Amino acid sequence: MDAYHGPDLCDGPSISSSGLRTIFEDSPMDYWVYSPLNPRRVDPPDKEAWVLGRAAHHLLLGEADFGKHYV
């Protein structure tokens, strides 16, 4: 997930659709706090949909130890 959402995904800076929504619906500062481009980034709190998505990827990609990570 770090490679997929990390700052090295593209040759130059990039932003996700959720990042754009955060800028427009909240503020640029709200985006920057959690931005992978921010060297002092704060880890965002988990959302239920994110946990479900990670579990689905883990299971569908056949990664080991599903039961150790998800109950």
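Structure's up top.
Residues numbered from 1 in each chain as written. Predicted model: local features only at pLDDT ≥ 70, side-chain atom pairs only at ≥ 80, totals over all residues. Heavy atoms only, no water.

Some thoughts on unusual backbone geometry
(1) Moving on: Unlike most non-glycine residues, D65 shows phi in positive territory, near 65°.
(2) Moving on: Along the polypeptide, D65 turns up in the loop between helix 4 (48–60) and helix 5 (66–69). (Helix = DSSP H or I, 4+ residues; strand = E, 2+ residues; numbered from the N terminus.)

With respect to helix 4
(1) Moving on: With 13 residues, helix 4 extends 18 Å between its outermost C-alpha atoms, agreeing within 8% with the 18 Å of an ideal straight helix rising 1.5 Å per residue.
(2) Moving on: Following helix 4 by one or two positions, G62 adopts a phi angle in the positive range, close to 70°. (Expected span 1.5 Å × (residues − 1).)

Brief notes about the side chain of H58
(1) Moving on: With respect to the helices and strands, H58 occurs in helix 4.
(2) Moving on: On the basis of relative accessible area, H58 is assigned to the buried category, the value being 9%.
(3) Moving on: Of note is the side chain of H58, whose polar atom sits 2.9 Å from the backbone oxygen of A64.
(4) Moving on: If sequence neighbours within four positions are ignored, H58 has contacts with E63, A64, D65, F66, H69 and Y70. (Buried < 20%, exposed > 50% of the residue type's maximum accessible area, 1.4 Å probe, protein only. Polar contact = N/O pair within 3.5 Å; in protein donor to acceptor, adjacent residues only side chain to side chain. Contact = heavy atoms within 4.5 Å.)

Thoughts on the environment of D30
(1) Moving on: If you trace the backbone, D30 turns up in helix 3 (residues 28–34).
(2) Moving on: Placed 18 residues apart in sequence, D30 and E48 show a C-alpha to C-alpha distance of 20 Å.
(3) Moving on: Within the structure, D30 has its side chain in polar contact with the side chain of S27 (distance 2.9 Å).

Some remarks on the pattern of salt bridges
(1) Moving on: The final tally for this structure, using the stated rule, is one salt bridge.
(2) Moving on: When the shortest N-O distance is used, the salt bridge between D46 and R54 registers 2.9 Å. (Salt bridge = Lys/Arg side-chain N within 4 Å of Asp/Glu carboxyl O.)

All quantities given are derived from atomic positions and should not be read as evidence of function.
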